[in-house]
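So you can see what is in the structure, the chains are spelled out below.
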Amino acid sequence: MSMIMSEPAPIQDANTPAGMLEGDLVKRARRGDLAAYDELVQRYQQRIYATVYHMTANHEDANDLAQESFIKAFQALKSFRGGSSFYTWLYRIAVNKTINFLKQRKNKHHFSLNDIDFNAENDPDLVALTSDKTPFRAVGLTELQKKLNEALMRLSEPHRMVVVLHDVQGQSHDEIAEIMDCNIGTVRSRLFYARQQLQGYLAEYAKPA
Amino acid sequence: MNENDNNFTELKQLLKLKRHEVPPPGYFENFSGQVTSRIRAGEAGGQRTFAERLEAEVPWAVSFLRIFETRPGVIGAFATCVCLLLVSVVVHSSRADKAARLAMSIPSSTSVSGSPMASMAAPALMAASDSSGIIASTNPVTSLEPVSTLFAQPGSGSLFQPAGFGVPAH
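Procedures and definitions
- Residues numbered from 1 in each chain as written.
- Chains lettered and ligands numbered in written order.
- Predicted model: local features only at pLDDT ≥ 70, side-chain atom pairs only at ≥ 80, totals over all residues.
- Heavy atoms only, no water.
- Helix = DSSP H or I, 4+ residues; strand = E, 2+ residues; numbered from the N terminus.
- Buried < 20%, exposed > 50% of the residue type's maximum accessible area, 1.4 Å probe, protein only.
- Contact = heavy atoms within 4.5 Å.
- Areas by Shrake-Rupley, 256 points an atom, 1.4 Å probe, with all protein chains shown as cover.
- Expected span 1.5 Å × (residues − 1).
- Polar contact = N/O pair within 3.5 Å; in protein donor to acceptor, adjacent residues only side chain to side chain.
- Lys, Arg positive; Asp, Glu negative; His and termini not counted.
- Salt bridge = Lys/Arg side-chain N within 4 Å of Asp/Glu carboxyl O.
- 1 Å grid on protein atoms, 1.4 Å probe; cavity = no way out; pocket = protein on both sides within 12 Å on 5 of 7 lines; lining within 4 Å.
- Points joined across faces, edges and corners; volume = space filled by probe spheres on them.
- Nonpolar A, V, L, I, M, F, W, Y, C, P; charged D, E, K, R; others polar.
- Phe/Tyr/Trp six-rings, centres within 6.5 Å; stacked < 30°, edge-to-face > 60°.
- Lys NZ or Arg CZ within 6 Å of the ring centre and 35° of its normal.
- Core = buried A, V, L, I, M, F, W, Y, C linked by side-chain atoms within 4.5 Å.
- Axes fitted to C-alpha atoms, helices over the stretch in contact; angles between N-to-C directions.
- Parallel < 35°, antiparallel > 145°, perpendicular 65-115°, else oblique.
- Left-handed = near helix turned anticlockwise from the far one by under 90°.

J.: Would you mind going over the overall build of chain B with me for this structure?
T.: Scanning chain B from terminus to terminus reveals 10 helices and 0 strands. Starting at the N terminus, the α and β elements of chain B follow one another as α-α-α-α-α-α-α-α-α-α. Going through the 170 residues of chain B one by one, you find that 20% of them count as buried. Taking as baseline every contact in chain B between residues at least 6 positions apart, the subset at least 24 positions apart corresponds to 15%.

Right under this line is the structure:
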C-alpha cells in the first residue's frame, strides 16, 4: 500500500508578518506598519482582483481598481472598527469602488479579457459543458468566454455583482449580504433574476442539444 | 431555492469558466509591492489630491456628489431647490426689513409726545422733554440733544438750578 507523501507545510514564525493572524496584522497596519499591510495585500489580492476583473471584464481597469481599493483601505484603516472581518470590510470598499467606476463608465465597454489558463480544458465541469449533450457543444472555449462576458455586462451592476460573488467566487449568501450591505432576501432575489437574465441572453446563440 | 438552482445547472457550470480567466503570469508577484510603494509615495509627497482627501475624510459628502454624476436629473432638481430657497430668503428678508422700517419710522410732523411708542418706551424722557425742551427721538444721536435755548435762558425751564452757599449764623 503506497502512501501519498504530502509536502510539509512551511513553518512560519509568528513574529514575521507571514505567520501573523489577520487581527494582529490589522493592528500593526493601523499603526502604519507597511510590512504588515503588505502581508494583508498578499493574502487578499487574488480575490479582490478577481472580483473587480469579473465585474469590469478588463484587466487594466481591474488592476487600477484593485490597487486603489487596497490604498483606500490603508488610508481608511483608522475608521475600521472591527465590526466585521477585515476581509469583508476590504471587499466592501472594492465593491463600492467598482460599482461607482462602472456607473461613470456606463456604455463604454471595451474588453481586454484575461486568457483562459490551460487547466480550463481539463476542468470536468467544462468538459461536461462542451460535450455533445449540451447546447454549448458547438462553441469554442474562447468564444464561450466572450459570449459569457458580453452577457454578464448586460446585467445591472448589483445583479452582476451577486452573480460574480456567488456563482464565480463561491461566496455564501450571508457574506454577500454583508459585503453589499443588504439583506439575504435581496441577495437571493437578485441572484435568481440575474440567472434568468443570463440564461435568456445566452440562449440567443446556444444551439439546442 | 434548490429547485431554482437545478434550473440553472448549466449556467452555473458555464460561469465557472470565469474562474479560469487569469491575469498575465507573474502579475501577483509585484502587486503588493506596487500597492505599498504607491502608499509610500503618497505619504512622502503628500500627493493626495483634494478629491482623495475629501473622500477619505468626508465620505458622505463624496457619495452625495456622486449622486449628481450618476443621475443628471437630480442636478436640475437640486439647482431648482437652491434657487427657490434663495428667492424665498430674499423675499422674506425684504418683508422683514420693510416691517422693521415701518415700525421704527416716526413721521417728522408728529411730535414726540404724540407717539405712543415713544411714550411707552421712556415716559420720564417725555416728561423731561416737555419741561426742558429736549426732543425725544428714536435716534440715539439726536434724542438727548439739547435745544439751543437751554443755555441761553438759564432761568426758564433750565436743567440748572441756582446753588446757594449760605453761611450759617452762630
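From this point on, the discussion continues.
J.: Can you help me understand the overall build of chain A in this one?
T.: From N to C terminus, chain A includes 9 helices and 0 strands. Secondary structure of chain A in N-to-C order comes out as α-α-α-α-α-α-α-α-α. In chain A, buried positions account for 46% of the 209 residues. When contacts within chain A are restricted to residue pairs at least 6 apart in sequence, those whose partners lie at least 24 apart make up 63%. For chain A, the computed accessible surface area is about 10,900 Å², with 50% contributed by carbon and sulfur atoms.

J.: What should I look at first to understand helix α3 (residues 59-75) of chain A in this one?
T.: At 3.6 residues per turn, the α-helix brings residues three or four places apart onto the same side. Residue and element names in this part refer to chain A. Its 17 residues place the ends of α3 24 Å apart at the C-alpha level, agreeing with the 24 Å of an ideal helix rising 1.5 Å per residue. Among the residues of α3, those classed as buried are His59, Asp61, Ala62, Asn63, Leu65, Ala66, Gln67, Ser69, Phe70, Ile71, Ala73 and Phe74. Where α3 begins, the capping side chain belongs to asparagine 58, and its oxygen is found 3.0 Å from the backbone nitrogen of glutamate 60.

J.: Explain the side chain of A:Arg160 to me, please; I cannot follow it from the model alone.
T.: All names here are of chain A. As for its position among the elements, arginine 160 is in helix α7 (residues 157-168). No salt bridge is formed by the buried arginine 160; the nearest opposite charge belongs to glutamate 157, separated by 4.5 Å. In this structure the side chain of arginine 160 is engaged in a polar contact, spanning 2.6 Å, whose partner is the backbone oxygen of methionine 55. Once residues within four sequence positions are removed from consideration, arginine 160 is found in contact with His54, Met55, Leu102, Leu152, Met153 and Leu155.

J.: Is there a simple way to think about the layout of surface pockets in this case?
T.: In this approach the atoms are scanned with a rolling probe the size of a water molecule, which exposes any empty space left behind. There is about 1,300 Å³ of room inside the largest pocket. Put simply, the parts of the chain that give the lining of the largest pocket at least two residues each are α3, α4 (86-104), α7 and α8 (173-180) of chain A together with α4 (50-57) and α5 (59-70) of chain B. Sort the elements by how many residues they give to the lining of the largest pocket and α4(A) lands first, with 11 residues. For the lining of the largest pocket, the per-class residue count stands at 18 nonpolar, 7 polar and 16 charged.

J.: Just checking my understanding: could you explain the pattern of salt bridges for this structure?
T.: Note on pairing: side chains with opposite charge can pair once their charged atoms come close. Residue and element names in this part refer to chain A. Following the criterion strictly, the structure yields 6 salt bridges over all chains and no others. Of the charged contacts, one joins arginine 28 and aspartate 33 as a salt bridge, the two residues approaching to 2.8 Å between their closest N and O atoms. A relative accessible area of 25% places arginine 28 in the partly exposed class. A salt bridge links arginine 43 to glutamate 39; the shortest N-O distance between them is 3.0 Å. Residue arginine 43 and its partner glutamate 39 are both found in helix α2 (residues 34-56); the two are separated by 4 residues, about one turn of the helix. Accessibility expressed as a relative area gives 29% for arginine 43, which makes it partly exposed. Exposure remark for glutamate 39: the relative accessible area of 13% places this residue in the buried category.

J.: Explain the side chain of A:Asp38 here, please?
T.: Mapped onto the elements of the fold, A:Asp38 is located in helix α2. B:Arg40 provides the closest opposite charge to the buried, salt-bridge-free A:Asp38, at an N-O distance of 6.9 Å.

J.: Got a minute to help me understand the packing of aromatic side chains in this structure?
T.: Here the distance between the centres and the angle between the planes together describe a pair of aromatic rings. As enumerated under the stated definition, the model contains 15 aromatic pairs over all chains in all. With a centroid separation of 5.0 Å and an interplanar angle of 50 degrees, the aromatic rings of A:Tyr49 and B:Tyr27 are classed as tilted. In this pair, A:Tyr49 sits in helix α2 while B:Tyr27 sits in helix α3 (residues 27-45), so the two residues belong to two different chains. Considered together, A:Tyr49 and B:Tyr27 belong to a single accessibility category, that of buried residues. An aromatic cluster is present here, built from A:Tyr44, A:Phe80, A:Phe86, A:Tyr87, A:Trp89 and A:Tyr91 joined pairwise through their rings. Over the ring of A:Tyr201 we find A:Arg154; its NZ or CZ atom is 4.0 Å from the centre of that ring.

J.: Would you take a moment to explain the nonpolar core for this structure?
T.: Note on soluble globular proteins: their nonpolar side chains tend to be buried together. Residue and element names in this part refer to chain A. One finds Tyr37, Ile48, Phe70, Leu77 and Phe86 to be the most contacted residues of the largest nonpolar core, which totals 65 residues. Of all the elements, α2 adds the most residues to this core, at 11 residues. Beyond its immediate sequence surroundings of up to four residues, isoleucine 48 is in contact with Ala66, Phe70, Leu90, Tyr91 and Ala94.

J.: What is the right way to look at the packing of helix α1 (residues 22-30) of chain A against α2(A) in this model?
T.: Two measures define how a pair of helices packs: the angle their axes make with one another and the distance between the axes. All names here are of chain A. Where α1 meets α2, the closest approach of the two axes is 8 Å, and the angle between their N-to-C directions is 135 degrees. When the interaxial angle is binned, α1 and α2 end up oblique. The interaxial crossing formed by α1 with α2 has left-handed handedness. For the pair α1 and α2, contact is made by Glu22, Leu25, Val26, Arg28 and Ala29 and by Ala36, Tyr37, Glu39, Leu40, Arg43 and Tyr44, respectively. Grouping the amino acids of the contact of α1 with α2 by side-chain chemistry returns 7 nonpolar, no polar and 4 charged.

J.: Looking at this structure, how should I read the packing of α4(A) against α7(A)?
T.: Residue and element names in this part refer to chain A. At a closest axis distance of 11 Å, the pairing of α4 and α7 adopts a crossing angle of 140 degrees. Comparing the axis directions of α4 and α7 gives the class oblique. In terms of crossing hand, the pair formed by α4 and α7 is right-handed. Where α4 approaches α7, its residues Tyr91, Val95, Ile99, Leu102 and Lys103 are matched on the opposing element by Glu157, Arg160, Met161 and Leu165.

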